[in-house]
Every structure is written in structure tokens, then in C-alpha cells.
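# Survey of secondary and tertiary structure
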Amino acid sequence: MKAFTFLSVALFWVAVTSASAPTGRSFKPAFVVAPLPSPRTKSSVRSSSIDANTNQPDLEKFNNVIYATDDTMDMLRGELKARLLKAADDYSAMRAKTDDLVLRAKEFEEQTSTVASKKQRFVSRLLGKIVRKISRRKHKKNEDKTLSQSQGILTSDSFKQMKLDVGVTGNKVIELAEQLSLLNPTPNPTLGFKEYGGVAANENKLNGQWKLRFTTASDASFAATKERGLATTSQIIDAKKGTFTNEVDFEKGKLRGFRVVVNGKPLSNTDIQLAFKSVKLLRKSSLPWLFGEITIRLPSRLIRWLAARNRPEDERNAPYLSLKYLDDDLRIHTTDSNNWFVQSRIS
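Here's what I pulled together on the structure shown here. Please read all numbers here as calculations on a predicted model, not as lab measurements.

### Describing the side chain of Ser 322
Looking at where Ser 322 falls in the secondary structure, it is placed in strand S7 (residues 320-326). In contact with Ser 322, not counting residues within four places along its chain, are Thr 270, Asp 271, Ile 332, His 333 and Thr 334.

Structure below.
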């Protein structure tokens with residue numbers, strides 16, 4: 001009965017629709033079932049539905065930037081640090097061999113000089129006296145020269161940091177240091193030094209004792225000699241006081257070593273101005289409490305004035321260092337004389 005009723009209603013609806021349709025026109029049902037779209041049709045529909053004015057990423061800012069995960073960056077730093085320290089050790093070994101050859105050559109020269117006869121010594125002493133007399137006469141003629149024209153200890157050149165010829169091995173260390181500087185994990189290494197930037201001094205990574213692994217500065221390099229033996233160099237940084245204390249210890253000799261205290265003043269997030277404060281000589285003495293330590297105060301204003309002479313006007317008038325790389329156990333910096341320093345933390 002229900003099936004008959006449904007069939008009757010369906011036939012009635014078709015008859016009514018056919019009667020109301022205009023003549024000469026095809027029949028169009030009221031509902032059209034569309035086929036399922038293909039994957040290509042679906043994607044095209046989605047693409048057309050995106051607003052053309054949607055903000056797209058600026059690809060230009062990605063041209064010179066390499067994005068990597070933290071693990072990848074740590075891996076790159078670790079690899080470069082290992083290569084850098086190995087190259088620095090190779091350079092130190094090469095310098096030690098060279099110093100040993102020079103020391104042996106001097107010893108051989110001393111041995112051969114003792115074989116000379118007394119007559120030869122007398123002739124050499126006589127020639128020495130003649131040379132000294134001639135040099136004194138020339139010196140008297142040049143007495144009217146000013147201090148800036150002389151080459152004495154108080155000229156600006158005396159305070160200019162000389163640069164070593166480090167050769168191919170040393171240049172490899174510098175090249176690796178430049179590459180590692182591009183991966184510096186501490187972009188603002190001076191923050192906290194003397195509370196610079198409002199940061200507490202105990203948060204500054206410069207704090208602590210550092211061992212010198214490589215340098216191009218001649219005044220920070222000490223070759224082994226017969227009198228003093230090997231030399232070890234380190235540095236203690238007190239971020240709260242803002243001081244750098246350079247420590248140099250000798251293997252033997254009357255002079256056990258010395259300490260140079262330098263005051264630091266942050267100039268920017270990477271640069272620190274330097275002012276020499278004092279030098280402490282450590283001597284071997286039978287009265288160590290009286291002559292064991294001798295402290296010499298340095299006139300920092302005079303040193304800054306002498307160091308600033310003959311500098312270009314666009315350069316700073318005082319010595320400074322620029323931090324290139326700093327992490328928990330390695331530090332790299334350059335000086336105003338373009339000298340490189342590589343130091344590792346002493347735990």
C-alpha cells in the first residue's frame with residue numbers, strides 16, 4: 001500500500017512538471033547531481049580560492065642568510081674549534097722548534113767565541129772604542145732633534161704593538177679564526193663587563209682565567225732562552241672590577257715572571273678600551289718579603305697620549321680590543337694594531 005502511494009505521487013509530480021514546461025525547450029530538472037571532482041579539479045579550485053593580495057614572504061631577505069637548527073650550528077662550531085685549536089698547537093710546536101734551533105745556534109756561537117785568542121779580543125775591544133767615539137760625535141750633531149723625531153723609549157712607536165710574521169701555519173690559524181667568528185654565539189660579549197648595559201657582572205662570560213693559544217703580537221710572545229727557559233702566558237679577567245691581568249711566568253732565572261694590570265672600559269657591545277695601570281715584577285730573592293715583588297705604576301695618561309701620536313684622525317686615541325668570538329671555553333679578539341689573540345678558558 002505504501003509503495004503504491006509513493007509511486008502515484010512520483011508520477012503526479014512528473015506530469016505536473018512536464019505540463020508547466022514551455023514548448024520548444026528541453027526539460028531541466030530542479031536538482032542536478034554534480035560528479036565528484038578529480039584531484040586536478042580540486043587543486044585548481046583551491047588555487048583559485050586564494051586571495052591574490054595575500055602577503056607573500058620577502059625572498060630578498062633570505063638571499064644572504066643561512067638558516068640552520070641549533071644542533072647544526074653547534075656541530076659547525078665544534079668542528080671549526082677543533083681545527084682552530086689543532087692549527088694553533090701546530091703553530092706553537094713549529095715556533096718551539098725554531099726557538100730551539102736559535103738557542104743552539106747562540107750556544108755554538110758562544111763556544112766558538114771563547115776559542116778566540118787574547119790578541120783578537122784586544123783588537124775587537126779597540127774597534128769597539130773607535131765605533132763608540134764615532135757614534136758619540138754623530139749623536140752630538142743630532143741633539144737638536146725633538147722628542148717626536150727620535151726613536152727612544154718614549155716615542156709613539158715604542159707603544160705600538162708590533163706584528164709577527166707567522167708564516168703559512170699562522171695564517172691558517174687566522175683563517176680558521178675568521179670563519180669561526182662568523183658563528184659567534186655571543187653577539188654582545190661586553191654586556192655585564194663593569195655592569196655594561198645594565199647587566200650584572202657575574203653574567204659576563206669574560207670572567208675567569210684564560211690561556212693564550214695563539215697570537216700575532218710580538219710583545220705577547222716570549223721565546224725560550226738559556227737564562228729563563230720556557231715562558232707560559234695567561235690572563236685573568238675580573239668583569240666586576242673591569243681589569244685584565246696578563247700573567248707571564250718563566251721556567252728559571254732570577255725573574256720568576258711579571259704581571260701587567262690593564263683597566264678596561266666598554267665602548268660598545270664588542271669593543272673595550274684599554275688603559276695600562278701597573279706592572280708587578282716577581283723576583284727570586286733571599287728577602288722575598290722585601291724584594292720579592294716590585295710594583296711599578298704606569299702613567300696611563302702619558303701612555304695614551306704617546307700611543308695616540310701619529311694615528312689617523314678617524315681612529316680611536318687609545319688602545320682597544322674587539323671581541324670576535326666568545327663562548328664558555330674559547331675567546332677570540334683583535335686589537336687596534338690588527339693583532340689576533342686566541343685564548344681558551346682554564347677550568
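### Regarding the layout of surface pockets
Looking at the second largest pocket, its volume works out to about 670 Å³. Along its surface, the second largest pocket is lined by 22 residues, and Ser 92, Arg 95, Leu 212, Phe 222 and Ala 231 are the ones closest to its centre. Contributing elements (two or more residues each) for the lining of the second largest pocket: helix H3 (70-114), strand S1 (208-215) and strand S2 (231-238). Of the residues forming the lining of the second largest pocket, the biggest block, eight residues, is contributed by H3. Here the lining of the second largest pocket is composed, by residue class, of eleven nonpolar, five polar and six charged.

### Examining the pairing of strand S8 (residues 330-335)
The element S8 is largely enclosed, with a buried count of six among its six residues. Alternating residues of S8 divide into Leu 330, Ile 332 and Thr 334 and Arg 331, His 333 and Thr 335, and every residue in both groups is buried. Sheet analysis places S7 next to S8, joined by five bridges and oriented antiparallel. Pairing of Ser 322 across the sheet is with Thr 334, part of S8. Pairing between S8 and strand S9 (residues 340-345): five bridges, direction antiparallel. Across the sheet, the residue bridging to Arg 331 is Gln 343, located in S9.

### As for the pairing of strand S3 (residues 243-250)
Taking burial as the measure, the eight residues of S3 include six buried ones, the bulk of the element. As defined by bridge partners, S2 adjoins S3 across eight bridges and the pair is classed as antiparallel. Looking across to S3, one finds that Gln 235 is bridged to Asn 246. A loop of four residues connects S2 with S3, the two strands running antiparallel in sequence, and Gly 242 in this loop sits at a positive phi of about 75°. Note that S3 and strand S4 (residues 255-266) share seven bridges and pair antiparallel. Across the sheet, the residue bridging to Asn 246 is Val 260, located in S4.

### Description of the environment of Val 168
Relative to the assigned elements, Val 168 resides in helix H5 (residues 167-181). In this structure Val 168 comes out as exposed when scored by relative accessible area, which is 73%. Taking the C-alpha atoms as reference points, Val 168 and Tyr 91, 77 residues apart in sequence, are found 9.3 Å from one another.

### Focus on unusual backbone geometry
Its identity is not glycine, yet Lys 194 carries a phi of approximately 55°, on the positive side. Mapped onto the secondary structure, Lys 194 falls in the loop between H5 and S1.

### Regarding the packing of aromatic side chains
All chains considered together, the criterion is met by five aromatic pairs. Seen in terms of ring centroids, Phe 222 and Phe 258 are 5.9 Å apart; in terms of plane orientation they differ by 70°. Their pairing is edge-to-face. Residue Phe 222 is located in the loop between S1 and S2, and its partner Phe 258 is located in strand S4; the two are separated by 36 residues in the primary sequence. Summarising the aromatic geometry, the rings of Phe 250 and Phe 258 are spaced 6.2 Å apart at their centres and angled 50° between planes, so their arrangement reads as tilted.

### Comments concerning a nonpolar patch on the surface
Among the surface-exposed residues, Leu 287, Trp 289, Leu 290 and Phe 291 lie close enough to one another that they form a single nonpolar patch of about 440 Å² accessible area. Here Leu 287 is to be found in the loop between strand S5 (271-283) and helix H6 (288-291).

### With respect to the pattern of salt bridges
Scanning the entire structure with this criterion turns up ten salt bridges. Between Asp 327 and Lys 81 there is a salt bridge whose closest N-O contact spans 2.9 Å. With a gap of 246 residues between them, Asp 327 in the loop between S7 and S8 and Lys 81 in helix H3 connect regions that are remote in the sequence. In this pair, the class of Asp 327 matches that of Lys 81, namely buried. Residue Lys 280 is joined to Glu 293 by a salt bridge in which the shortest nitrogen-to-oxygen separation is 3.8 Å. Taken together, the residues span a long stretch of sequence, with Lys 280 in strand S5 and Glu 293 in strand S6 (residues 293-297) at a distance of 13 residues. Overall, Glu 293 belongs to the partly exposed group, its relative accessible area being 48%.

### Section: H5
When the terminal C-alpha atoms of H5 are compared, their 21 Å separation across 15 residues agrees well with the 21 Å that a helix rising 1.5 Å per residue should span. Of the residues making up H5, those classed as buried are Gly 170, Val 173, Ile 174, Leu 176, Ala 177, Leu 180 and Ser 181. Buried residues of H5, viewed axially, fall in a sector of 165°; they line one side.

Cut-offs applied
- Residues numbered from 1 in each chain as written.
- Predicted model: local features only at pLDDT ≥ 70, side-chain atom pairs only at ≥ 80, totals over all residues.
- Heavy atoms only, no water.
- Helix = DSSP H or I, 4+ residues; strand = E, 2+ residues; numbered from the N terminus.
- Contact = heavy atoms within 4.5 Å.
- 1 Å grid on protein atoms, 1.4 Å probe; cavity = no way out; pocket = protein on both sides within 12 Å on 5 of 7 lines; lining within 4 Å.
- Points joined across faces, edges and corners; volume = space filled by probe spheres on them.
- Nonpolar A, V, L, I, M, F, W, Y, C, P; charged D, E, K, R; others polar.
- Buried < 20%, exposed > 50% of the residue type's maximum accessible area, 1.4 Å probe, protein only.
- Pairing = 2+ DSSP bridges.
- Phe/Tyr/Trp six-rings, centres within 6.5 Å; stacked < 30°, edge-to-face > 60°.
- Patch = residues over 30% accessible without salt bridge, like charges linked within 9 Å, V, L, I, M, F, W, Y side chains within 5 Å.
- Areas by Shrake-Rupley, 256 points an atom, 1.4 Å probe, with all protein chains shown as cover.
- Salt bridge = Lys/Arg side-chain N within 4 Å of Asp/Glu carboxyl O.
- Expected span 1.5 Å × (residues − 1).
- Arc of directions from axis to C-beta.

As far as function goes, none of this settles anything; it's purely spatial.
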